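If you want the building blocks of each chain, they are given just below.
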Amino acid sequence: MGRNTMIALLLAVSGALLAWMVWSLDPEFARLSGAGGFLDARLSGYDAEAVVAMGTALSDPARAEARELLRFMYLGPDLVLPLAVTLALSLLLRGFAPGAVLYGRRLEIRHARLLCLLPFLYGLVDYAENIGFLTYFPPATPGEWAALNLPEILPWLSRVKFALLAVSILLVLRLVLFGKAGAKR
């Protein structure tokens, strides 16, 4: 399988998973939880109060289906999505960065490897956020430290995750659209 086929497949998997999560699982979870959709699906972000409110809503014994859907989401589609996005962005960077001109400098293969750290860090932060959700929300029973600190940490992880994803996507777009243009000067 060629690199372009692999990238297309990874992007298709990412798009399908994202569509399933946003248009199917998230509305169902919002209905079942009574506290809104998945926190990390909120593009406007969330704060510590939203984390505590979601934890309180999910601790209601009548919300067993919401708890099951939350666990399914983080141990199913959201387990695969960060990996697919990370691999797709890394392969795109690895393919378009060598020979491109970025900020007046021609990029070499070693620069491409360094640029691949951005999507890799995105993936790590996304998984850290998912682990935090699984640790904090019922049926899990977080320890004292986690119960006190995760509501403050999780919103920051989400901000860092989206920042790394945005920078990675913008960098890929910059290299795809204008990478070779700097060489013509």
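Residues numbered from 1 in each chain as written. Predicted model: local features only at pLDDT ≥ 70, side-chain atom pairs only at ≥ 80, totals over all residues. Heavy atoms only, no water.

A separate point is the packing of aromatic side chains. A full pass over the atoms with the stated rule returns 7 aromatic pairs. With centroids separated by 5.6 Å and ring planes inclined at 10 degrees, the aromatic side chains of Phe-133 and Phe-137 adopt a geometry described as stacked. The buried category is assigned to Phe-137, whose relative accessible area is 3%. An aromatic cluster is present here, built from Phe-29, Phe-38, Tyr-46, Tyr-74, Phe-133, Tyr-136 and Phe-137 joined pairwise through their rings. Above the ring of Trp-156, the side-chain terminus of Arg-159 is found at 4.7 Å from the ring centroid. When the ring centre of Phe-162 is taken as origin, the NZ or CZ atom of Lys-161, which lies over that ring, is 4.5 Å away. (Phe/Tyr/Trp six-rings, centres within 6.5 Å; stacked < 30°, edge-to-face > 60°. Buried < 20%, exposed > 50% of the residue type's maximum accessible area, 1.4 Å probe, protein only. Lys NZ or Arg CZ within 6 Å of the ring centre and 35° of its normal.)

Turning next to the nonpolar core. If you look at the biggest cluster of nonpolar residues, it comprises 44 residues, and the most contacted ones within it are Phe-29, Phe-38, Leu-39, Phe-137 and Leu-175. Of all elements in the fold, only α1 (3–33), α2 (48–58), α3 (64–75), α4 (77–96), α5 (109–115), α6 (117–136) and α7 (144–178) reach the threshold of two or more residues within this core. No other element matches α7, which puts 8 residues into this core. Sequence-distant contacts of Phe-137, defined by excluding residues within four places in its chain, comprise Leu-39, Val-51, Met-54, Gly-55, Leu-58 and Leu-70. (Core = buried A, V, L, I, M, F, W, Y, C linked by side-chain atoms within 4.5 Å. Helix = DSSP H or I, 4+ residues; strand = E, 2+ residues; numbered from the N terminus. Contact = heavy atoms within 4.5 Å.)

So, on to the packing of α2 against α7. Direction vectors running N to C along α2 and α7 enclose 120 degrees, while the axes themselves pass 8 Å from each other. One finds that α2 runs oblique with respect to α7. In this structure, α2 meets α7 at a crossing whose hand is right-handed. Where α2 abuts α7, its residues Ala-48, Val-51 and Val-52 lie against Pro-151, Glu-152, Leu-154 and Pro-155. Looking at the contact of α2 with α7, its residues break down into 6 nonpolar, no polar and 1 charged. (Axes fitted to C-alpha atoms, helices over the stretch in contact; angles between N-to-C directions. Parallel < 35°, antiparallel > 145°, perpendicular 65-115°, else oblique. Left-handed = near helix turned anticlockwise from the far one by under 90°. Nonpolar A, V, L, I, M, F, W, Y, C, P; charged D, E, K, R; others polar.)

Taken as a whole, α1 carries its principal kink of about 35 degrees at Leu-25; the proline Pro-27 stands between one and four residues after it. For α1, the set of buried residues is Ile-7, Leu-10, Ser-14, Leu-17, Met-21, Leu-25, Asp-26, Phe-29, Leu-32 and Ser-33. Where the residues of α1 are buried, they touch α2, α3 and α4. Positive backbone phi, approximately 75 degrees, marks Gly-34, located one or two places after α1. (Bend = angle between axes of the 7 residues up to and from the residue.)

What follows covers the environment of Ser-158. Position of Ser-158 relative to the elements: it lies in helix α7. With residues near it in sequence (within four places) discarded, Ser-158 still touches Tyr-46 and Glu-129.

That's the geometry; what it means functionally is another story.
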